[in-house]
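Spelled out, the chains give:
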Amino acid sequence: MHPRLTAQEIARLGEEIYARDLAVKIDAASNAGRLLSIDVETGAYEIGGDEDIDAPLRLHARHPGAAIYTLRIGYNAVATLGGILEPTK
C-alpha cells in the first residue's frame, strides 16, 4: 500500500513513463528480460538483472517511500505462476 497512490495509479503512471520517456532511452534488445523499476513520482529508474530484485531495492534506497512500478523489459509480465512469459512486440 502506498499512502498517496493506488496500485492502479502506480501501474498506469509506470506504463506511461516507460512508453513516453524510457522506451527510447533503454535499448530493449540488449536489456530484454531485465527488470526495470520506475519511481512514478520522480521518473527516476533502475535497471536490474533478470532474476533478482536489486533494481527496486536500489531505487527504494535512493528514494525512501517511493511509489515504484517494476516491469520486465520486452515482456508482458514480470513473472508468472504456471504461465509463460511472452515477448512484447
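Notes on the structure follow. Being a predicted model, the structure only gives us computed values, none of them experimental.

This part is about helix 3 (residues 54-62). Among all positions in helix 3, only Ala55, Pro56 and Leu59 are buried. Angularly, the buried residues of helix 3 cover 90° about the axis, an arc narrow enough to put them on a single face. Along helix 3, exposed side chains directed more than 90 degrees from the buried face belong to Leu57 and Ala61.

This part is about the nonpolar core. In terms of nonpolar packing, the biggest core is built from 13 residues, with Tyr18, Leu22, Leu36, Ile38, Val40 and Leu71 touching the most fellow members. Only helix 1 (7-22), strand 1 (35-39) and strand 3 (68-72) provide two or more residues apiece to this core. Among the elements that make up this core, the one with the highest residue count is helix 1 (4 residues). Leaving out residues up to four positions away in the same chain, valine 40 has contacts with Leu5, Ile10, Leu13, Gly14, Ile17, Ala67 and Tyr69.

Strand order in this open sheet of 3 strands is 2-1-3, and the pairing throughout is antiparallel. Each having just a single partner strand, strand 2 (45-47) and strand 3 make up the two edges of the open sheet. Neighbour-to-neighbour, the strand axes of the sheet open up by a mean angle of 15°, direction not taken into account. Where strand 1 meets strand 2, 3 bridges bridge the pair, whose relative direction is antiparallel. Bridging from a neighbouring strand, serine 37 pairs with glutamate 46 of strand 2.

Procedures and definitions
Residues numbered from 1 in each chain as written. Predicted model: local features only at pLDDT ≥ 70, side-chain atom pairs only at ≥ 80, totals over all residues. Heavy atoms only, no water. Buried < 20%, exposed > 50% of the residue type's maximum accessible area, 1.4 Å probe, protein only. Helix = DSSP H or I, 4+ residues; strand = E, 2+ residues; numbered from the N terminus. Arc of directions from axis to C-beta. Core = buried A, V, L, I, M, F, W, Y, C linked by side-chain atoms within 4.5 Å. Contact = heavy atoms within 4.5 Å. Pairing = 2+ DSSP bridges. Axes fitted to C-alpha atoms, helices over the stretch in contact; angles between N-to-C directions.

Interpretation in functional terms is not warranted from these geometric data alone.
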